[in-house]
Amino acid sequence: MDALIQELLDAAGVRYGLLVDRKGFVLSHKEALWAPRPPALDSVATLVASNAAATAALANMLGERTFSEQIHQGENGTLYVESVGADALLTLIFDSSVPLGRVKVYSKKTVPQLAAILDELKDIPEIQLGGDFSEGATALLDDLLG
């Protein structure tokens, strides 16, 4: 996933790329080498997920199944969000020198690939941690923190 997001950043000229789940957690993120210090990505993820939920409610009110993308344009930058299947959001942050059309073209190519990876990950069985793990972790923390 990281490699796909990095390719998208490089091709489209995007500063930051995040794959966010709809609960607001960052699943993956990349930043361009030339980008300034990133914003608080956890906060961005939470707000993007909240905004997507509100937008889904608006879509429903208007008789749409969903709105697949969101665009927030400011004077100096743009936030572009596109749905990746039912569970994730591709979030791209770029400055005003980058054409929105270029970002959309490259993201439309990347989204199906990301969706396929997320579908594969759904089939991985959950990790079962027994009581031994909990006891061992507690002992290690007690030793470390005293």
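So, how was this worked out
Residues numbered from 1 in each chain as written. Predicted model: local features only at pLDDT ≥ 70, side-chain atom pairs only at ≥ 80, totals over all residues. Heavy atoms only, no water. Buried < 20%, exposed > 50% of the residue type's maximum accessible area, 1.4 Å probe, protein only. Helix = DSSP H or I, 4+ residues; strand = E, 2+ residues; numbered from the N terminus. Pairing = 2+ DSSP bridges. UniProt positions renumbered as here; feature names shortened; annotations may be inferred. Expected span 1.5 Å × (residues − 1). Arc of directions from axis to C-beta. Contact = heavy atoms within 4.5 Å.

(A) Quick peek at the pairing of strand β5 (residues 88–95). Burial within β5 is extensive, with eight of its eight residues counted as buried. Of the two faces of β5, the one holding Ala 88, Leu 90, Leu 92 and Phe 94 and the one holding Leu 89, Thr 91, Ile 93 and Asp 95 are both buried throughout. By the bridge criterion, six bridges tie strand β1 (residues 16–21) to β5 in an arrangement that is antiparallel. By the bridge assignment for β5, Asp 21 is matched with Ala 88. The pairing of strand β4 (residues 77–84) with β5 spans eight bridges and is antiparallel. Each residue of the ladder has a partner; that of Tyr 80, found in β5, is Leu 92. In textbook terms, the turn of a hairpin is the stretch between consecutive antiparallel strands, and for β4 and β5 this stretch comprises three residues, one of which, Gly 85, has a positive phi near 65°.

(B) View of the UniProt feature "domain: Roadblock/LAMTOR2" (unreviewed entry) in the protein. Using the residue numbers shown here, the UniProt feature "domain: Roadblock/LAMTOR2" (unreviewed entry) corresponds to residues 1–94. Counting secondary structure, residues 1–94 comes out at 34% helix and 34% strand; the distance between its end C-alpha atoms is 20 Å.

(C) How the structure looks around helix α2 (residues 41–61). Here α2 spans 30 Å end to end across 21 residues, near enough to the 30 Å set by a 1.5 Å rise per residue. Within the sequence span of α2, burial applies to Leu 41, Val 44, Ala 45, Val 48, Ala 49, Ala 52, Thr 55 and Ala 59. The buried residues of α2 all sit within an arc of 130° when viewed along its axis, so they share a single face. Pointing more than 90 degrees away from the buried face of α2 are the exposed residues Asp 42, Leu 47 and Met 61. Of the surrounding secondary structure, the elements contacted by the buried residues of α2 are β1, β2 (26–31), β3 (69–73), β4 and β5.

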